[in-house]
Structure formats: structure tokens, C-alpha cells
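Reading the structure
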Amino acid sequence: MAQTRVVVVGSANMDLAATAPTLPRPGETVLGTEFVTAPGGKGANQAVAAVRAGASCTFLGAIGSDSFGVTLRARITAAGVDTGQLRVVYGASGVALVMVNAEGENAILVTPGANGAFTRLTAGELAAVREADVLVAQLEVPVQTVTEAAVAARAAGTRVVLNAAPACALPAELLDAVDVLVVNESEAQTLTGRGREDPQALLELVPRAVLTLGAAGAWYGDRDGTAVHVPAVRVDVVDSTAAGDAFTAALAVAWGEGRDLLAAVHWAAAAGAACCRRLGASVALPRRAEIDALYSGPA
């Protein structure tokens, strides 16, 4: 079986992650227990996750001219991602400050830095999108850039998976180009105003949607009448920071390999669960064997 060719259009951040018994309240200082510095950002995470899940992946995004940018490129490349078209812009790279409590819950503050300058795709970047099997995008870079990539992908027959995070109003041109929308509960609420209590509302926007529900699993629906709850895979949770990124990437890889979408969602759920067993973002993303070990498939 040929490798699925994934192109990720998205963000790259340096993650500064710390654990503590509790998350600090406003004005409170809490003593932490562990600290990790690692590449992050939804785009970079999903690119690394796609490679670990078995795909070949090209990452399109922007890093700064600072030391974080140098480290980001080196580590993402070392993970097996093609960064040949990763842009460097003058100034700071994106940074995420991540705090994780003893239950694995997190609070994250992101400063976009170079990600905000990732606008208007070049001819080479558009060619990479058109040649891919699956385009994966998020919303930590300008929505105009995501729209441009998605429209190019749709015209070329490349499948489009949009992880609408962080959620915002989406232009009709983008929604018309999306094959599968992946959102969590708060993102669904922002997009439809109806959230978990009416996931079918997502299908008013796109033909297929996945609503991730954390420990409750996920919901998958499409306009052909499918509406299925996919149970979560039970693991001991250490840190859920990049679980959504592992889920989205695994979904794209499995679908690109030819699995039906319901089976792809089940495999993605196993990937998300596997990611929760380690601290950090990109360092916690699971490899294919780890996903397969937790995957049980549709009932």
C-alpha cells in the first residue's frame, strides 16, 4: 500500500509546558513539578502526527527568525516531516505557554508570532496542496490562507479535513471546500450555537463532521444519514494537550489510506487516547504501532 500523501497548512509554535497539582487562579502562584520545551502548534503537531501514523507529510507554515524558529525547523524535520517550503519571517516565532494539572486538564496561552504572517500561498505551496491525497488545516493561521488552500485542494480533487480550532466565523467559500470538519464541543458551540446537544447542526455547514467529546468519545455524522457515537479508548491520562491533533491527523491518514470514515474515526480515537499517556505536545504524539495496539474498530 502506497503511503498517504498529507499536506498540512497551519501553525508552528514553541511549546513551554509545565505540570502542577492545580492550575493557578488569577493572581496565584503555584509550584510546578515538570517542565518540557517542545515543538507545538496545531499545524506542526498534526504534521508530525501524520508521519508517525504512517503518512508522508509536507508542512506549509511560517516560523520566526529567532532561536525558537531554528529549533522548530530542526525538530519538525527530524520527525520526518518535509519542511522544504516552511517560511522564515523576520521576528518572533509563535509560542504557547501550557499548564497541565494532575488530572491532565490544561490551560494554554498562545502568541501567534510568525504564524500571523503566513498569508497568500506561493505557486510552490499551491502545487504541494494539489498533489496531496489529503489537505489538513486548522485556524491558527489566517483564515484567508486556509481558504485559499482548501479551494485549491477541492479543485484538484484533494480531500480537505478542517480542524476548526480556534473556532471563528468561517467564510462560505471555505465551508464549500471542506470534506470533513473536526471540532470539539466549544468549537461546535461557536460555529452553530447548538454544540453537543445538537451535533447534526454541523451538517448544515459541511457534508461530514466529527465532534470530539473528550472522555466521552466522539460523534460522527454525514448528510447520508449516518449519526454514530464512537466511544473513547480508556487509558491513564497524563496530559491531553495534543490529543485533538493526534486524532485529526490519524483520521486524515486512515481516510487517505482508503478506510471508510467510521473506521477512520475509531482509529483516530485510539490515536487521541494514545497521545494522552505522555506529557507534552509533539513529544507525546503516538506512532502507528501504538495506535494499532489500542484500536478495536467499529462494533
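Everything that follows concerns the structure shown earlier in this document.
Structural notes, computed from the coordinates. (Residues numbered from 1 in each chain as written. Predicted model: local features only at pLDDT ≥ 70, side-chain atom pairs only at ≥ 80, totals over all residues. Heavy atoms only, no water.)

**So, the sheet that holds strand E3 (residues 34–40)**
Adjacent strands of a sheet pair through backbone hydrogen bonds, lying either parallel or antiparallel. The line we're drawing: Strands pair, by our definition, only if DSSP identifies at least two bridges between them. We count a stretch as a helix when DSSP gives it H or I for four or more residues in a row; a strand needs E for two or more, and each element gets its number in order from the N terminus. Every axis in this analysis is a line fitted to C-alpha atoms, fitted for helices over the stretch in contact. Angles between the N-to-C directions lie between 0 and 180 degrees. Whether two residues are in contact is decided by their heavy atoms, any of which lying within 4.5 Å being enough.
One open sheet holds the four strands; their spatial order is E3-E2-E7-E8, and the pairing between them is mixed. Both outer strands of the open sheet, E3 and strand E8 (106–111), are each paired with one neighbouring strand and no more. When the angles between neighbouring strand axes are averaged without regard to direction, this sheet yields 15°. Pairing geometry for strand E2 (residues 13–19) and strand E7 (residues 94–100), over seven bridges, is parallel. Along E7, the bridge assignment pairs Ala18 with Met99. Its contacts with the sheet put helix H2 (residues 67–78) on E2, E3 and E7, and the angle it makes with E3 is roughly 75°.

**Thoughts on the sheet that holds strand E1 (residues 5–9)**
Overall, mixed pairing links the eight strands, which are arranged E4-E1-E9-E10-E11-E12-E13-E14 in an open sheet. If you trace the sheet from one side to the other, it starts and ends with strand E4 (56–60) and strand E14 (227–230), each paired once. Averaged over all adjacent pairs, the angle separating strand axes in this sheet is 15°, with direction ignored. Where strand E12 (residues 208–212) lies against strand E13 (residues 218–222), five bridges are found, and the strand directions are antiparallel. Counterpart to Leu211 in the pairing with E13 is Trp219. Docked against the sheet, helix H7 (residues 243–256) engages E1, strand E9 (134–137), strand E10 (159–163), strand E11 (180–184), E12 and E13, running at close to 170° with respect to E10.

**Digging into the environment of Glu103**
Secondary-structure assignment places Glu103 in the loop between E7 and E8. Between the C-alpha atom of Glu103 and that of Ala50, which follows or precedes it by 53 residues, the distance is 27 Å.

**A few points about the environment of Gln138**
Under the convention used in this document: Here a polar contact is recorded for every N or O atom pair within 3.5 Å, except that within protein the pair must consist of a potential hydrogen donor and a potential acceptor, and residues adjacent in sequence are included only if both atoms are side-chain atoms.
If you trace the backbone, Gln138 turns up in the loop between E9 and helix H4 (143–156). Remark: the alpha-carbon pair of Gln138 and Val48, spanning 90 residues in sequence, is separated by 14 Å. In contact with Gln138, other than residues within four places in its own chain, are Val8, Val9, Gly10, Ser11, Lys42, Gly43, Gln46, Val146, Leu162, Asn163 and Ala165. Of the polar contacts made by the side chain of Gln138, one reaches the backbone nitrogen of Gly43; its length is 3.4 Å.

**So, the pattern of salt bridges**
Condition: In what follows, salt bridge is the name for a side-chain nitrogen of Lys or Arg lying within 4 Å of a carboxyl oxygen of Asp or Glu. Burial classes follow relative accessibility: with a 1.4 Å probe on protein chains only, a residue under 20% of its type's maximum area counts as buried, one over 50% as exposed, and anything between as partly exposed.
Applying the stated rule across the entire model yields 12 salt bridges. For Arg87, the salt bridge is made with Glu125, and the minimal N-O distance between the two is 2.7 Å. Of this pair, Arg87 sits in strand E6 (residues 87–89) while Glu125 sits in helix H3 (residues 123–131), and the two are 38 residues apart along the sequence. Across this residue pair, the class does not change: Arg87 and Glu125 are buried. A salt bridge links Arg196 to Glu185, with the nearest nitrogen and oxygen atoms 3.5 Å apart. Of this pair, Arg196 sits in the loop between helix H6 (185–192) and E12 while Glu185 sits in helix H6, and the two are 11 residues apart along the sequence. With relative accessibility at 44%, the residue Arg196 sits in the partly exposed group. Within this structure, Arg154, Asp179 and Arg208 form a network of salt bridges that share partners.

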